[in-house]
Amino acid sequence: MEALQDFLRRAEAALSRLEPLLPPPRREPDWSVWAFRWRRQGLAGWLEAVHEPHSVEMGRLACIDEQRERLLANTRQFVEGLPANNALLTGARGTGKSSLVKALLPQFGRDGLRLIEIDREHLADLPQLVELLVGRRERFILFCDDLSFEHGDAGYKALKSALDGGLSRRCDNLLVYATSNRRHLLPELMSENREGWLHDGEIHPGEAVEEKVSLSDRFGLWLSFYPFDQDAYLAAVKAWLGHFGLKCGDKAERAALQWSLSRGSRSGRVAWQFACHWAGSQKLAKKTGRK
């Protein structure tokens, strides 16, 4: 009897150590929400509902009119069940790439668009994720934010297969929208340029370069985002101050330019950060002034 109790105690201790590694009981995703996050624990993954997704008003995104219109047109085609392309948004940091994708949800959510955020580390789970979506009437965008790979990443080939369908056909109700600061999603080394060769006056890239380009080529829509000049930065500041119910006067402009100098950058993100600072400080001064 004592031996049995000792065994049960040891078994209970072993299970308590294993429990954090086990996935939660598999349950049907809450399809009533508009946004999801792919979660993984142990060997299993599941769709976690996001009941209050973060989003930005489309009209608040300044100085990216062309990129906005092209992405809106592509997404509208997709929502209508028409042919559409996977999209790769690349370029300068803080220029609105991620915000533009998030802003699609309030724009098309009532028409059946759904957004699924997935981390780069979990891209190898794509076949498992696609199984959940096949046959659903909703239209899903798989959102890979700040995407980049290192050599040997398992998710690299999984994403290539998902974009082109692999042996099985592409999932008709799924597109991939990715943002990255790297045009080809992989680090580009000087040594790889030496692999290129010259034939009849034409330069041909080496195999390493061709392999890197092969992934970004699978995105049919490329959108490039560029650093803001001063006018674009001030336009973004004006838009965000308007969001807080404030006007961008001369004093605010001077403060915004000083703010960008202190940050060493001009972008939509820096404009938003300044607007938060300015709106908060102005409203606090007004509040304490009344006291």
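Everything numeric in this text was worked out from a predicted model, so none of it was measured.

Cut-offs applied
- Residues numbered from 1 in each chain as written.
- Predicted model: local features only at pLDDT ≥ 70, side-chain atom pairs only at ≥ 80, totals over all residues.
- Heavy atoms only, no water.
- Helix = DSSP H or I, 4+ residues; strand = E, 2+ residues; numbered from the N terminus.
- Contact = heavy atoms within 4.5 Å.
- Areas by Shrake-Rupley, 256 points an atom, 1.4 Å probe, with all protein chains shown as cover.
- Phe/Tyr/Trp six-rings, centres within 6.5 Å; stacked < 30°, edge-to-face > 60°.
- Buried < 20%, exposed > 50% of the residue type's maximum accessible area, 1.4 Å probe, protein only.
- Lys NZ or Arg CZ within 6 Å of the ring centre and 35° of its normal.
- Core = buried A, V, L, I, M, F, W, Y, C linked by side-chain atoms within 4.5 Å.
- Axes fitted to C-alpha atoms, helices over the stretch in contact; angles between N-to-C directions.
- Parallel < 35°, antiparallel > 145°, perpendicular 65-115°, else oblique.
- Left-handed = near helix turned anticlockwise from the far one by under 90°.
- Nonpolar A, V, L, I, M, F, W, Y, C, P; charged D, E, K, R; others polar.
- Salt bridge = Lys/Arg side-chain N within 4 Å of Asp/Glu carboxyl O.
- Expected span 1.5 Å × (residues − 1).
- Arc of directions from axis to C-beta.
- Pairing = 2+ DSSP bridges.

Asks: Tell me about the overall build of the protein, residues and numbers included.
Replies: Per the secondary structure count, the protein includes eleven helices and nine strands. The contacts in the protein between residues at least 6 apart in sequence include a share of 74% that link residues at least 24 apart. Carbon and sulfur atoms form 51% of the exposed surface of the protein, whose accessible area is close to 17400 Å².

Asks: I'd love a proper account of the packing of aromatic side chains, names of residues and values included.
Replies: Two numbers describe a pair of aromatic rings. These are the distance of the centres and the angle of the planes. Inspection of every chain in the model, using the stated rule, returns six aromatic pairs. Here the aromatic rings of Phe244 and Trp272 are separated by 5.6 Å at their centres, their planes lie at 25°, and the arrangement is stacked. Linking Phe244 in the loop between helix H9 (230–243) and helix H10 (250–263) with Trp272 in helix H11 (residues 268–290), this pair joins segments that are 28 residues apart in sequence. On the basis of relative accessibility, which here comes to 23%, the residue Phe244 falls in the partly exposed class. Three or more aromatic residues link up through ring pairs in this structure, and these residues are Trp31, Phe36 and Phe140. Across the ring face of Trp31, the terminal group of Arg136 is positioned such that the distance to the ring centre comes to 4.2 Å. Between Arg139 and the ring centre of Phe78, over which it is positioned, the NZ or CZ distance is 4.5 Å.

Asks: Could you give an account of the environment of Arg137, naming the residues involved and the relevant values?
Replies: Here Arg137 is to be found in the loop between helix H5 (126–133) and strand E5 (139–144). A relative accessible area of 74% places Arg137 in the exposed class. Measuring from C-alpha to C-alpha, the distance between Arg137 and Asn173 comes to 7.7 Å, with 36 residues separating the pair along the chain.

Asks: How would you explain the nonpolar core if you had to name every residue and give the values?
Replies: Membership of the largest hydrophobic core comes to 45 residues, with the highest contact counts inside it found for Leu71, Leu89, Leu100, Leu104, Tyr177, Tyr233 and Val237. Membership of the second largest hydrophobic core comes to 24 residues, among which are Trp31, Ile118, Leu163 and Cys171.

Asks: Just give me the short version of the packing of H9 against H10, but keep the residues and values in it.
Replies: Closest axis-to-axis distance for the H9/H10 pair is 11 Å, and the angle between their directions is 120°. Judged by the angle between their axes, H9 and H10 are oblique. Our pair here, H9 against H10, has a crossing hand that is right-handed. Counting all contacts with H9, which are made through Gln230, Tyr233, Leu234, Val237 and Leu241, the residues of H10 involved are Ala252, Glu253, Ala256, Leu257, Trp259 and Ser260. Taken together, the residues of the contact of H9 with H10 break down into eight nonpolar, two polar and one charged.

Asks: Give a description of the pattern of salt bridges that names residues and reports values.
Replies: Evaluation of the coordinates by the stated rule reveals eight salt bridges. Between Glu48 and Arg37 there is a salt bridge, with its nearest N and O atoms 3.1 Å apart. Pair noted here: Glu48 is in strand E2 (residues 44–50) and Arg37 is in strand E1 (residues 35–41), with a separation of eleven residues, a long-range link. What makes Glu48 partly exposed here is its relative accessible area of 27%. Take Arg37: its relative accessible area is 27%, and that puts it in the partly exposed class. Across the pair Arg136 and Glu138 runs a salt bridge, and its minimum N-O distance is 2.8 Å. Overall, Glu138 belongs to the buried group, its relative accessible area being 6%.

Asks: Outline H10, listing residues and values.
Replies: Here H10 is 14 residues long and its end C-alpha atoms lie 20 Å apart, about the 20 Å a rise of 1.5 Å per residue gives. The complete set of buried residues in H10 reads Ala252, Ala256 and Ser260. In an axial view of H10, the angular spread of the buried residues amounts to 75°, which keeps them on one side of the axis. Set apart from the buried face of H10 by more than 90 degrees, the exposed residues are Asp250, Lys251, Arg254, Gln258, Leu261 and Ser262. Just past H10, the residue Gly264 takes up positive phi, approximately 70°.

Asks: Describe in detail helix H2 (residues 65–79), supporting the description with residues and values.
Replies: Counted at 1.5 Å a residue, the expected span for H2 with its 15 residues is 21 Å, and the 21 Å between its end C-alpha atoms agrees. Positive backbone phi, at 80°, marks Gly81, one or two positions downstream of H2.

Asks: How would you sum up the sheet that holds E1? Please name residues and give values.
Replies: Spatial strand order, E2-E1-E4-E5-E6-E3-E9: seven strands in an open sheet with mixed pairing. Each end of this open sheet is capped by a strand with a single partner; those strands are E2 and strand E9 (221–225). For this sheet the average axis-to-axis angle between neighbouring strands, irrespective of direction, equals 25°. Of the strand pairs in this sheet, strand E3 (residues 87–91) and E9 are connected by five bridges, and their pairing is parallel. Considered in E9, the bridge of Gly91 is made with Phe225. Strands E1, E2, strand E4 (113–117), E5 and strand E6 (174–180) of the sheet are contacted by H5, whose axis makes an angle of about 55° with E2.

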